[in-house]
Amino acid sequence: PQSPIEKAQINAPSNPLSSPGKTAVGDGSVPSILLQGGSLKTWSFASAYVERLQVVLTTAGRPLDADIELWQGPDNCPVKMRTYVEDGSIRPFTALIETPRGPSTCAIRNIGEMEFPFAATVTASEIIALPHDLAYESLMTVQGGALRTYPFDPTVDSIQVLLKTDGRPLNARIELLQGPNNNKQVIELYTEDGLDRPFFCVLGSPGAGNVVRVVNTAPIEFPLQAAIVPNRIMDPYEQDLNAGVVIGGDTGW
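Going along each chain's sequence as written, the residues are numbered from 1 onward. Given that the model is predicted, a residue must reach a pLDDT of at least 70 before its local features are reported, and side-chain atom pairs must reach 80 or more before they are shown or counted; all residues, however, enter totals for whole chains, interfaces and linings. Side-chain numbers come from the whole structure's heavy atoms, not from hydrogens or water.

1. So, the sheet that holds strand β3 (residues 52-58)
Line of reasoning, step 1. In this scheme, strands are said to pair when DSSP sees at least two bridges between them. Runs of E in the DSSP output that reach at least two residues are strands. Runs of H or I that reach at least four are helices, and both are numbered from the N terminus. The strand order across the open sheet formed by 8 strands is β1-β8-β3-β6-β14-β11-β16-β9, and the pairing between neighbours is antiparallel. What marks the edges here is a single partner per strand, and that holds for β1 (33-35) and β9 (140-142). Shown here is a sheet whose adjacent strand axes are inclined to one another by a mean of 25°, direction ignored. Inter-axis angles, ranging from 0 to 180 degrees, are taken between N-to-C directions of lines fitted to C-alpha atoms, where helices are fitted over the stretch in contact.

2. Some details on the sheet that holds strand β2 (residues 40-45)
Line of reasoning, step 1. Taking strand neighbours across the sheet as the criterion, the 8 strands line up as β2-β7-β4-β5-β13-β12-β15-β10 in an open arrangement whose pairing is antiparallel. Edge positions in the sheet fall to β2 and β10 (147-151), since each of these pairs with one other strand and no more. With direction set aside, neighbouring strand axes in the sheet form an average angle of 15°.
Line of reasoning, step 2. Taken together, the 5 bridges between β10 and strand β15 (residues 210-216) define a ladder with antiparallel strand orientation. Of the residues in β15, the one forming a bridge with threonine 149 is arginine 213.

3. Considering the nonpolar core
Line of reasoning, step 1. Membership of the largest hydrophobic core comes to 43 residues, with the highest contact counts inside it found for Leu57, Ile108, Leu163, Phe199 and Val212.
Line of reasoning, step 2. When residues no more than four places from it in sequence are discounted, the contact partners of leucine 163 are Leu170, Ala172, Ile174, Leu189, Pro198, Phe199, Val214, Leu224, Gln225 and Ala226.
Line of reasoning, step 3. What we call a nonpolar core is a set of buried Ala, Val, Leu, Ile, Met, Phe, Trp, Tyr and Cys residues that are connected through their side-chain atoms within 4.5 Å. Between buried and exposed lies partly exposed: a residue is buried under 20% and exposed over 50% of the maximum accessible area for its type, with that area taken using a 1.4 Å probe on protein chains only. Judged by nonpolar contacts, the second largest core, of 10 residues, contains Tyr136, Val202, Ala227 and Val229. Pairs of residues are marked as contacts when any of their non-hydrogen atoms sit within 4.5 Å.

So yeah, pure geometry; function would need other evidence.
Below is the structure:
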């Protein structure tokens, strides 16, 4: 059976994020809200026709540490995630949250210090981050307790992450590394039904040496399917040829 994201992607002619100049926050008509350290904001959508939400978190170059929850009914939290980003300016957090069957509320808490605010945008009307066809063709099984790593070329500017199950709960940890044990972005995820509520996000991957690591933190009885594919590949003329240059030799006389 097709997941909700697959049904929406069938009618999408192309992924706008794959085009140069496109960002994950649309054309700016959806306002962002600033969350100070330790604060909580909620976005309630009363319409039963809202099937998914796009969440975008950015900073002015500082770290980002947030808890994101989806509430549907009293004491019902079908989706939970915690995300950490080293630099929310060059690697904004962009994810889709499925909201089938009725009204829902998205709650975002800044669990960082007071000195590290971030801007949050939650929208149901300007969703531009949808998976490529390549993502569905590249799904691979990750057994419970197992991990997979996906290295990427320096020309890959952003990466798509799609996780789903056959209807069982989804528990996973997603890490973007750049160098040995150097986490640039970490997502800890729980979804009560990985078929009805698959997880999709876009990771910024500027620079060289980017590796995505996916860990299935559930028991062996709960496998998941993962697809980690390039979202946007830079044109050779866009690349900064001086980036990463290290100057050696004498520093002075």
